[in-house]
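Commentary on secondary and tertiary structure
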There are 2 protein chains.
Amino acid sequence: MKPEQQQKRRLTAPGRKTRERIVEAAAELMFRHGAGGTSIPDVQAAAGVSASQIYHYFGDKQGLVLAVVDHQTDAKIAQQRPLLDNLDSIEALREWCDGAGDRLDAAGCEGGCEIGSLASELADRDQSARTGLAAAFDRWEAPIRSGLARMQARGELSPSADTDALATALLAAVQGGMLLSQVRRSSTAYRQAVSSVIDHVESHLVR
Amino acid sequence: MKPEQQQKRRLTAPGRKTRERIVEAAAELMFRHGAGGTSIPDVQAAAGVSASQIYHYFGDKQGLVLAVVDHQTDAKIAQQRPLLDNLDSIEALREWCDGAGDRLDAAGCEGGCEIGSLASELADRDQSARTGLAAAFDRWEAPIRSGLARMQARGELSPSADTDALATALLAAVQGGMLLSQVRRSSTAYRQAVSSVIDHVESHLVR
DNA sequence: CCAAAGTTGGAATTGACATTCCAACGATGC
DNA sequence: GCATCGTTGGAATGTCAATTCCAACTTTGG
């Protein structure tokens, strides 16, 4: 039975630490060079471990990729909290999007989105990665949806607004805008894309 | 001097045909498996050519990738013409987006966008590919921008509307929506994303 | 303390891939 | 018709990746 299939593998303290170090190194490398562009020897060197350790903890490269997907999802959610929990005003939405835009600029518009890049690469090539990435987007979209729903429940948004569709549209604008910005090396596209969708949400405001 | 650096390489009739066959086979493979996931032997088998032919016409793998980027750009523009040339009404915008949505469904939401997938994979790994992809998005966005500008010039769109930003937002919605749909295996996200942006354009209509 | 189980290092295996080379074949223009 | 240059086949080369194996070492629970 492969490690990644076991329900609960017993890990000692140093084991947990090593595993974590491998995932973090792999996540960084795969963010910069893609999953396919990251070799096991690369991860070994970056994490300072031997091959047997990687195979011991993840079974094979696919197992490592899956662990990286989960790790990046947790990291993304954690990074954007508490903003994500309070997306129930136009100002909060703009602040959240602006933060990502500023981070884009700070990185020179390189790298794109940690989740989106993996998604584009893996969606059609690894069924379980696709499932994990779908879950990642769902976890990411949920707070947006919930924030918009609260605005609507409070009567701030018109009852005719489809808040679920708006949440999806906003997430899509983030992804598409980041891709265009990454290619153009300018955050303008990202900012225009998200701004348009937020403007559209704003047009549903009551009063 | 490598072939891809030469200004004009003389090609005989069979040479042109072989070159074209290689690019088409490579484009198809790279669409399905990514540029990194497509090997020269793969292309050889799919196009029915020998290795020396590929290196003769493209110099190296990067040269082939560049040729594929250009080929896919031309193909995308050609495929969406004449729709792209007449995006100067809300109905035309919806029809154009619906067409892409229907194609998405027809493919079972697999594959995503031929340009976007390459962009995500190559933007940070190949400077000349990034330039080519930026040009691809510009060529794609230009007709959208121009259609919106015509609507505004005719007085159908409010003078306060930023048509360039709207065009970018629409392209971003297409890209982001396709990515979400590819991961979720449902065209809903794509349709919600583009529909939101078109609704937003519609809100700028005069009268 | 001591067995069982988790952890680690390092070498060996196997296969694929990008690229090069060279010799042969074919079209083309003068 | 012949020399030139484009075209093609196929083998050879060197590198590197994924994975396996096994022996040695360490932690842990009783």
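Not measured: the values here are computed from a predicted model.

With that settled, the discussion passes to the overall build of chain A. Counting its secondary structure elements, chain A contains nine helices and zero strands. For chain A, the succession of helices and strands along the chain, N to C, is α-α-α-α-α-α-α-α-α. Taken over the C-alpha atoms alone, chain A extends approximately 65 × 40 × 30 Å along its principal axes. Per-residue burial over chain A gives 44% buried out of 207 residues. Taking all contacts inside chain A whose residues are at least 6 apart in sequence as the whole, residues at least 24 apart take part in 64%.

With that out of the way, let us pick up the relation of the copies chain A and chain B. Under the fitted operation, chain A is carried onto chain B by 0.0 Å of movement along the axis and a turn of 180 degrees, and the coordinates agree to an RMSD of 0.0 Å. In the structure described here, the two chain copies are related by an operation that fits a two-fold rotation axis. Minimal C-alpha separation from the rotation axis in chain A is found for A:Gly176, amounting to 1.9 Å. Here 100% of the contact residues of chain A are again contact residues in chain B; the copies associate through an equivalent surface.

How big an interface is tends to be expressed through the accessible area that disappears when the partners come together. Residue-level contacts link 43 residues of chain A with 43 residues of chain B. Broken down by element, the residue count for the side of chain A that touches chain B peaks at 16 residues, all from helix α8 (residues 163–184) of chain A. Class assignment of the residues belonging to the side of chain A that touches chain B gives a composition of 18 nonpolar, 18 polar and seven charged.

Another aspect to go through is the nonpolar core. Grouped together as the largest cluster of nonpolar side chains are 120 residues, with contacts concentrated most on A:Leu133, A:Ala173, B:Leu133 and B:Ala173. Setting aside residues up to four positions removed in sequence, B:Leu133 forms contacts with A:Val183, B:Val69, B:Ile115, B:Leu118, B:Ala119, B:Leu122 and B:Ala123.

All names here are of chain A. At their nearest, the axes of helix α4 (residues 61–80) and helix α7 (residues 127–153) sit 10 Å apart, and the two run at 5 degrees to each other. Relative to α7, the element α4 lies roughly parallel. When α4 is examined against α7, the residues Val65, Leu66, Val69, Asp70, Thr73, Lys76 and Ile77 are found in contact with a partner set consisting of Ser128, Ala129, Gly132, Leu133, Ala136, Arg139 and Trp140. For the contact of α4 with α7, the residue count by class is eight nonpolar, three polar and three charged.

Near DNA strand C lie 23 residues; those nearest to it are A:Gly15, A:Ser52, B:Ser39, B:Ile40 and B:Lys61. Element by element, the count of residues in the surface near DNA strand C is highest for helix α3 (residues 51–58) of chain A, at four residues. Taken together, the residues of the surface near DNA strand C break down into ten nonpolar, ten polar and three charged.

Residue and element names in this part refer to chain A. According to the domain assignment, chain A contains domain 1 (1–67) and domain 2 (81–207). The centre of domain 1, based on its C-alpha atoms, is set 30 Å off from the matching centre of domain 2. Taken residue by residue, the interface counts nine residues in domain 1 and ten residues in domain 2. Of all the elements in the fold, those that place two or more residues in the side of domain 1 that touches domain 2 are α1 (13–33) and α4. Per-class residue counts for the side of domain 1 that touches domain 2 are five nonpolar, three polar and one charged.

With that settled, the discussion passes to unusual backbone geometry. All names here are of chain A. Following arginine 81, the chain continues into proline 82 via a peptide bond in cis, with omega recorded as 10 degrees. Within the element layout of this structure, proline 82 appears in the loop between α4 and α5 (90–106). Of note, cysteine 109 is a non-glycine position whose phi angle comes to about 60 degrees, a positive value. Mapped onto the secondary structure, cysteine 109 falls in the loop between α5 and α6 (114–122). Residue classification places cysteine 109 among the buried residues on the basis of 23 C-beta atoms within 10 Å. Positive phi, normally seen in glycine, also occurs at arginine 185, with a value near 55 degrees. Within the secondary structure layout, arginine 185 lies in the loop between α8 and α9 (188–202).

Attention shifts here to the protein's contact with DNA strand D. Around DNA strand D lies a shell of 23 residues, among which A:Ser39, A:Ile40, A:Lys61, B:Gly15 and B:Ser52 are the nearest. Tallied by class, residues from the surface near DNA strand D come to ten nonpolar, ten polar and three charged.

Residues and elements named next belong to chain B. If you check helix α5 (residues 90–106), its first and last C-alpha atoms are 24 Å apart, about what 17 residues at 1.5 Å a residue would give, namely 24 Å. Three or more residues of α5 are buried, namely Leu93, Trp96, Cys97, Gly101 and Leu104. Buried residues in α5, looked at end-on, bunch into an arc of 135 degrees, giving them a common side. Of the residues in α5, the exposed ones pointing more than 90 degrees away from the buried face are Glu91, Asp102, Arg103 and Ala106. Looking at the buried residues of α5, the elements they touch are α4 (61–80), α8 (163–184) and α9 (188–202). Where α5 ends, the next residue or the one after it, glycine 108, has phi of about 65 degrees, a positive value.

The angle between the axes and the distance between the axes are what describe a pair of packed helices. Residue and element names in this part refer to chain B. In the contact formed by helix α1 (residues 13–33) and helix α2 (residues 40–47), the axes pass within 9 Å of each other and the chain directions differ by 120 degrees. In terms of axis orientation, α1 runs oblique to α2. Between α1 and α2 lies a crossing of right-handed hand. Facing Arg21, Ile22, Ala25, Ala26 and Leu29 of α1, the residues of α2 in contact are Asp42, Val43, Ala46 and Ala47.

The rules behind these values
Residues numbered from 1 in each chain as written. Chains lettered and ligands numbered in written order. Predicted model: local features only at pLDDT ≥ 70, side-chain atom pairs only at ≥ 80, totals over all residues. Helix = DSSP H or I, 4+ residues; strand = E, 2+ residues; numbered from the N terminus. Buried ≥ 20, exposed ≤ 12 C-beta atoms within 10 Å, placed from the backbone. Contact = placed C-beta atoms within 7 Å. Least-squares fit on C-alpha atoms with pLDDT ≥ 70 in both. Nonpolar A, V, L, I, M, F, W, Y, C, P; charged D, E, K, R; others polar. Core = buried A, V, L, I, M, F, W, Y, C linked by C-beta atoms within 7 Å. Axes fitted to C-alpha atoms, helices over the stretch in contact; angles between N-to-C directions. Parallel < 35°, antiparallel > 145°, perpendicular 65-115°, else oblique. Near = placed C-beta within 6 Å. Domains from an automatic or database assignment. Expected span 1.5 Å × (residues − 1). Arc of directions from axis to C-beta. Left-handed = near helix turned anticlockwise from the far one by under 90°.

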